[in-house]
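# A structural walkthrough
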Amino acid sequence: MKVTFPHMGTLYIPLRLLFTNLGLEVVVPPPISKETMNLGVRHSPEGACLPFKLTLGNYLEAAALGADTFFMAQGYGLCRFGFYTEVQQKIMRELGYDCNMALVNISQNVLQNLLRRLKELSGKSYLQVLRAVRLALVGIKVLDDLEKLLYKVRPRELRKGESTKVYQNTLARLERASSVSELRRVGSEGLQELAAVSQDPNRTPLRVGILGEFYVVLEPFTSSDVERRLGEMGVEITKYLYPSDWVSFHMFMQLFRIFKEHKSAAEAARPYLAYNVSGDGLQTVGQTILCAEEGFDGIVQLYPFTCMPEIVAKHLLPKVSDDYRIPVLSLGLDEHSGNAGFVTRLEAYVDLLNRRKSLMGREAAK
Amino acid sequence: MAKVGIPRALFYYDYFPLWQAFFEALGHQVMVSDATNKGILEDGIKRAVDETCLPVKLYMGHVQNLRDRVDYLFIPRLVSLEEKHFSCPKFIGLPDMVRGCVPNLPPILDVLVDLTDNKKLTRSSLLELGKLLGASPAQVGGAYQAGLQAHRSYRARLKQGWSHEEGIRGSRPETLAEPENLLRVALLSHPYNICDSWASNNLMGKLKRMGAAVTTADALSLGYLRQKANTLSEQIYWTFEKKLAGAAMHYLETREVDGIILVMAFECGPDSLVTELIEREVRDKLPVMTLCMDEHTGEAGIMTRLEAFVDMIVRQKSRQEAAAAKEWAEA
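The structure reproduced in this document is the subject of the present report. Since we're looking at a predicted model, the values are computed, not measured. (Residues numbered from 1 in each chain as written. Chains lettered and ligands numbered in written order. Predicted model: local features only at pLDDT ≥ 70, side-chain atom pairs only at ≥ 80, totals over all residues. Heavy atoms only, no water.)

## A look at the packing of helix H2 (residues 38–47) of chain B against helix H3 (residues 54–66) of chain B
Residues and elements named next belong to chain B. The criterion, for reference: Here an axis means a line fitted to C-alpha atoms, over the contact stretch when the element is a helix, while the angle between two N-to-C directions is reported on a 0 to 180 degree scale. For helices the rule is a DSSP run of H or I covering at least 4 residues; for strands it is a run of E covering at least 2, with both sets numbered from the N terminus onward. Here roughly perpendicular refers to angles of 65 to 115 degrees, roughly parallel to angles under 35, roughly antiparallel to angles over 145, and oblique to all remaining angles. Here, two residues are considered to be in contact whenever any of their heavy atoms come within 4.5 Å of each other. Residue polarity follows a fixed list, in which Ala, Val, Leu, Ile, Met, Phe, Trp, Tyr, Cys and Pro are nonpolar, Asp, Glu, Lys and Arg are charged, and the others, Gly among them, are polar.
Running from N to C, H2 and H3 point in directions that differ by 110°, and their axes come no closer than 7 Å. Compared by their axis directions, H2 and H3 come out roughly perpendicular. Only Leu54, Lys57, Leu58, Met60, Gly61, His62, Gln64 and Asn65 of H3 make contact with H2, whose side of the interface consists of Ile40, Leu41, Asp43, Gly44, Ile45 and Arg47. In the contact of H2 with H3, the residues fall into 6 nonpolar, 5 polar and 3 charged.

Written as structure tokens, this is what we have:
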């Protein structure tokens, strides 16, 4: 048995750790590339959303490397995500792959479902499974902390690209880490190195919130690496979707029936959108308002083309943007998104934000 | 007596008789928007986000068509119509999307229907709606029963083979004996994709003119459809798509039709996956075609595809009959 899973940002590091720690053989799919996309698109329904196509591409590339067990989340909900595996499985079987889906139901009782599935896969005791899960969770936390600092340092760095290099170095070291203490040590070294990148203390970068759908916000390939591009244009970005937050809510708070997630965002959104529309639609609307109140310069909404929850949000964002006077750039992403067009739009948007900021500054000075 | 406006779009084709009976039992007048026309579509396109699906764009157009002549607009928030089954996120955000996109609206009656997570809230939102219209809880209860009654007789008519339009009108033209049809086709889709003859390029009429008897998923009972859908996949958690899957599996098994045409709106999320699943299951066993439509769909293109599909079925049928005759002669 060879286990694999789809990519989503840096999540492959903790996931590989999780399975190797349970004594399972792991095939990490090749990093998402143009070929992954082409492969996924060729075998997917035309109208499926980008995450469907890319994850299918991951599976097919991993299957070519001998993977036969596919680890993925599933569930019932409103958005298509919960139904991915049902269709992907059928497609892969018809292509002649003998595939075994190791699914974790994330509609409710996520932690229990995860532990049960891992125990079943590995044949290890619950204690061993818990230990491996803890290791992965520490990894997730370390990675998220690094990313958060990276977004602060990048727009202030003096030598363009330096913080990215430091970050990638740390990632490479984290890939080799195999214990909780090692993860933590490499993580804090990485944080120190990032903080030591030479920065311009006088710069006050633009502040932009990156909102939208979970997968495309976390997987830089889908958005031509929008966060690096914005950072290098001198924009400090803030994200509100992190795997560690998802984990702490869905795996632990739910256990104690604490439903506090995004409560403030949901409340802020209420005058515009009064009900959860699944996915991250409600949060996109609410967080735009919270960001505006916090004094952000702009919002970038990222979503897969045809994403239902984000389309609902997109109906409401123009009004929010008017009422709270915050410029919103909505970017729908699919296999046809071209790099050049993307960069042009980002540059124009950042120009607009810069101009707006200096005009407002002048007005305030008067 | 207030005028309550109901847009002739989306789930109008599923629930209009229920809603009409409900509001009329409370003593109000129900008004429906005009049949879809070019102006309504253009208004809808202007109001909705450009990349949303055609049915939602049409809905916005119908809202605009109604807004100046009614006291209230009835736009329910359909979250979940049965336990652990849901409708599309756009249906859930619909009242908010309309408020956000169409200006100068009368008050919106947005009753919540969520039978998975919020049964209590569903009840209280119905009572609240009654209060807004000046009705007591008992009156609301009575009106609700009247609505259910109307809904049941509507469903019964659909099962007898009435079209949605005839069912809503409550009468059916006296026809002579059903003509002997050359072939039978199941047109599987959300009713709003196929019942709006203007927006669907009169798909149903075209098929009939080609000599095909057309049947839809609503001619079968819901409980049966749900059960049938599970033979394809137990995972389908969208109420409407479950119906389609159930109908496809029914026709696959019984061979009551000669072919299946699946109609989906471009951009439809649930359909993009469920029709794929259906098509992959059916395509080696029964002729099947998927038509994906949006506001740019041309009549000529639809016609060509329908003709090709019908020709293929007719040819296949005559070849099968010839083979059967030969076999019989040899025996």
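Right, picking up where we left off after that structure.
## What about the interface of chain A and chain B?
Applicable threshold: Two parts placed together each lose some accessible area under a 1.4 Å probe, and adding up what both lose gives the buried area. A pairing counts as a salt bridge when a side-chain nitrogen of Lys or Arg comes within 4 Å of a carboxyl oxygen of Asp or Glu. Here a polar contact means two N or O atoms within 3.5 Å. Within protein one must be a hydrogen donor candidate and the other an acceptor candidate, and residues neighboring in sequence count only if both atoms are side-chain atoms.
Between chain A and chain B, the contact holds 40 residues from the first and 43 residues from the second. Contact with chain B buries area across many residues of chain A, yet Phe83(A), Tyr275(A) and His315(A) alone supply 23% of it, more than any other trio. The interface formed by chain A and chain B holds 4 salt bridges in total. For Glu51(B), the salt bridge identified is with Lys314(A), shortest N-O distance 2.5 Å. The tally of links between chain A and chain B comes to 15 residue pairs in polar contact (both at pLDDT 80 or more).

## Structural notes on the packing of aromatic side chains
Put simply, the rule reads: A pair of aromatic rings is counted whenever rings of Phe, Tyr or Trp (Trp by its six-membered ring) have centres within 6.5 Å, and the orientation is called stacked for planes under 30 degrees apart, edge-to-face for over 60 and tilted otherwise. A simple rule labels every residue: compare its accessible area, found with a 1.4 Å probe on the protein chains alone, to the largest value its type can have, and call it buried under 20%, exposed over 50%, or partly exposed in between.
Tallied over the entire structure, the rule returns 21 aromatic pairs over all chains. Measuring from ring centre to ring centre gives 6.3 Å for Phe305(A) and Phe266(B), while their planes differ by 45°; the resulting arrangement is tilted. Here the residue Phe305(A) occupies a position in the loop between strand E7 (298–304) and helix H14 (308–324), and Phe266(B) occupies one in the loop between strand E9 (259–265) and helix H13 (269–282), the pair thus bridging two chains. For Phe305(A), a relative accessible area of 25% corresponds to the partly exposed category. Residue Phe266(B) is classed as partly exposed on the basis of its relative accessible area of 34%. The interplanar angle of 75° and the centroid separation of 5.1 Å between the aromatic rings of Trp19(B) and Phe74(B) together place this pair among those described as edge-to-face. Linking Trp19(B) in helix H1 (residues 12–25) with Phe74(B) in strand E3 (residues 72–74), this pair joins segments that are 55 residues apart in sequence. The buried category is assigned to Trp19(B), whose relative accessible area is 9%.

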